Amino acid sequence: MSERTLVIIKPDAVAAGNAGKVLTRYEEAGLEIVAMDLRTISGEFSDQHYEEHLERDFYPALREFMTSGPMIPIVLRGEGCIATVREINGATNPANAEPGTIRADFGESGPRNAVHASDSPESAAAEIALWFPGL
Ligand code: CMP
């Protein structure tokens, strides 16, 4: 089934000049770009995006990082794209990510892991509505 997912090329990957290389991985997997923007977010917006993590011990550092500079939110579309994107991204912690994945190649640490992607159809719908209302 064709589905949509929200990906964010995070501030670390944008600042390092890796945005194009990251985007190429998704395009080479045959995924279609439906929407894309360069955006710097507020702390309040980060709180909305990471609502389920607000009480986690790592969240203050993640919030500071996510508001530190521009990032690139993207809506991708394709058959089974939520799972495909998560495979291309690799494990959340770059130290555990398979070689050849985006996080292994471009991530640095827990928060600075190059990309975010929706983890389910429900989170994809909520995240797309938050970042690209009306899409
Ligand atoms: P992301 O896919 O954006 O979704 C939640 C984010 O929280 C995750 O990527 C990481 O950046 C961050 N994160 C998750 N677990 C940890 C952790 N144990 N330590 C630091 N950051 C984490």
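As shown above, the structure is provided for reference.
Let me begin by describing the structure that accompanies this report. (Residues numbered from 1 in each chain as written. Predicted model: local features only at pLDDT ≥ 70, side-chain atom pairs only at ≥ 80, totals over all residues. Heavy atoms only, no water.)

Some thoughts on helix α5 (residues 81-89)
Considered for burial, the residues of α5 that qualify are Cys81, Ile82, Val85, Ile88 and Asn89. Projection of α5 onto a plane perpendicular to its axis shows the buried side chains occupying an angular sector of 130 degrees, all on one side. Of the surrounding secondary structure, the elements contacted by the buried residues of α5 are β1 (2-9), α2 (19-28), β3 (72-79), α6 (102-106), β4 (115-117) and α7 (121-131). (Buried < 20%, exposed > 50% of the residue type's maximum accessible area, 1.4 Å probe, protein only. Helix = DSSP H or I, 4+ residues; strand = E, 2+ residues; numbered from the N terminus. Arc of directions from axis to C-beta. Contact = heavy atoms within 4.5 Å.)

Details of the site of the ligand
Around the ligand, the structure places Lys10, Tyr50, His53, Phe58, Leu62, Thr92, Arg103, Gly110, Pro111, Asn113 and His116. Residue His116 places a side-chain N or O atom 2.9 Å away from an oxygen atom belonging to the ligand. Relative to its free-state accessible area of 460 Å², the ligand is covered by the protein chains to the extent of 74%. For the shell around the ligand, the residue count by class is four nonpolar, five polar and two charged. (Near = heavy atom within 4 Å. Polar contact = N/O pair within 3.5 Å; in protein donor to acceptor, adjacent residues only side chain to side chain. Areas by Shrake-Rupley, 256 points an atom, 1.4 Å probe, with all protein chains shown as cover. Nonpolar A, V, L, I, M, F, W, Y, C, P; charged D, E, K, R; others polar.)

Focus on the packing of aromatic side chains
All told, the structure shown has two aromatic pairs when counted by the stated rule. For the ring pair Phe45 and Trp131, a centre distance of 4.7 Å and an interplane angle of 80 degrees mean the geometry is edge-to-face. Placement of the pair is Phe45 in helix α3 (residues 43-49) and Trp131 in helix α7, with a sequence separation of 86 residues. When the ring of Tyr50 is compared with that of Tyr59, the centres are 6.2 Å apart and the planes differ by 70 degrees; the resulting orientation is edge-to-face. Considered together, Tyr50 and Tyr59 belong to a single accessibility category, that of buried residues. Against the face of Phe132 rests Arg39, its NZ or CZ located 5.0 Å from the ring centre. (Phe/Tyr/Trp six-rings, centres within 6.5 Å; stacked < 30°, edge-to-face > 60°. Lys NZ or Arg CZ within 6 Å of the ring centre and 35° of its normal.)

Examining the pattern of salt bridges
As enumerated under the stated definition, the model contains five salt bridges in all. Across the pair Glu32 and Arg77 runs a salt bridge whose closest N-O atoms are separated by 3.0 Å. You can see Glu32 sitting in strand β2 (residues 32-36) and its partner Arg77 sitting in strand β3, a full 45 residues away along the chain. By relative accessible area, which is 41% here, Glu32 ends up partly exposed. On the basis of relative accessibility, which here comes to 31%, the residue Arg77 falls in the partly exposed class. Ionic pairing is found between Asp47 and Arg63, a salt bridge with its closest N-O pair at 2.8 Å. With Asp47 in helix α3 and Arg63 in helix α4 (residues 59-66), this pair connects stretches of sequence that are 16 residues apart. A relative accessible area of 22% places Asp47 in the partly exposed class. (Salt bridge = Lys/Arg side-chain N within 4 Å of Asp/Glu carboxyl O.)

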